[in-house]
Each structure stands twice: as C-alpha cells, then as structure tokens.
Amino acid sequence: MRASHAASSINSQPPNPAALARLQEKKKEFEAVAALEKASATFVKRIEGLGDDCDVMADAGLGE
C-alpha cells in the first residue's frame, strides 16, 4: 500500500482561518439542531400527556 501524500501535506499546513470559521459555524448549527431535537422530544411528551388527560376526562364524561 502507498502512503497518502495528501495526509502529510494537510498536517504540515497552518490552519485556514476561513475553514476554521466555517467549522465553528457548522458546530453551532449542529448544536442548534441537537437542542431543537431535544426540545421537540420534550414537546411531544407534553402533548402526549395532554392527550392522556383528555382521554381521562372523556372517559369520566361517559361514566366509565
């Protein structure tokens, strides 16, 4: 197997400020999406709880 020349050249170059800024922006986007997923899951649980409460009230209204 041949050693990759690209890997050695990447390690010898200084970090590109534009690439670092883009990486930081992508990290922020990823964190925002993760927070949105967590909030959405919490919201779903709350809505399911409301649905359960409505079922209880409906059953009580029917005399069950």
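Computed from a predicted structure; not experimentally measured.

Before going further, it helps to spend a moment on the overall build of the protein. Along the backbone of the protein there are 2 helices and 0 strands. A burial count over the protein gives 0% of its 64 residues as buried. Accessible surface for the protein amounts to roughly 6100 Å². Of this, 62% is attributable to carbon and sulfur atoms.

Together, E48, D52, D53, D55 and D59 line one region of the surface with negative charge. For D55, the location among the structural elements is in helix 2 (residues 17-61). On the basis of relative accessible area, D55 is assigned to the partly exposed category, the value being 46%.

A separate point is helix 2. For helix 2, with 45 residues, the first-to-last C-alpha span of 66 Å sits near the 66 Å given by 1.5 Å per residue. Looking at where helix 2 begins, the residue whose side-chain oxygen comes 3.0 Å from the main-chain nitrogen of A18 is N16.

What follows concerns the pattern of salt bridges. All chains considered together, the criterion is met by 1 salt bridge. Between K26 and E29 there is a salt bridge, and its shortest N-O distance comes to 3.4 Å. Taken together, the positions of K26 and E29, both in helix 2 and 3 residues apart, correspond to about one turn of that helix. Classification of K26 as partly exposed rests on a relative accessible area of 40%.

Rules and cut-offs
The numbering scheme is per chain: residues are counted from 1 as the chain's sequence reads. Where totals are concerned, whole chains, interfaces and linings use all residues; where local detail is concerned, this predicted model gives features only for residues with pLDDT of at least 70, and gives and counts side-chain atom pairs only at 80 or more. The basis for every side-chain value is the complete set of heavy atoms in the structure, and neither hydrogens nor water enter the calculation. A helix here means a DSSP run of H or I that spans at least four residues, while a strand means a run of E at least two residues long, and both kinds are numbered starting from the N terminus. When a residue's accessible area, from a 1.4 Å probe over protein chains only, is under 20% of the maximum for its type it is buried; when over 50% it is exposed; and in between it is partly exposed. All accessible areas in this document rest on Shrake-Rupley with a 1.4 Å probe, and a residue is counted as covered only by the protein chains that are shown. Every patch collects residues that have over 30% relative accessible area and no salt bridge, joining them within 9 Å if they carry like charges and within 5 Å if they are nonpolar side chains (Val, Leu, Ile, Met, Phe, Trp, Tyr). A carboxyl oxygen of Asp or Glu within 4 Å of a side-chain nitrogen of Lys or Arg is what we treat as a salt bridge. Charged residues are defined here as Lys and Arg on the positive side and Asp and Glu on the negative side; His and the ends of the chain fall outside this count. By convention, charge coordinates are those of NZ in Lys, CZ in Arg, CG in Asp, or CD in Glu. Helix span is expected to be 1.5 Å times the residue number reduced by one. Distance and chemistry together define a polar contact, namely a pair of N or O atoms within 3.5 Å, with one atom able to donate a hydrogen and the other to accept it when in protein, and with adjacent residues in sequence counting only for side-chain atoms on both sides.

Bear in mind that shape data such as this cannot, by itself, settle questions of function.
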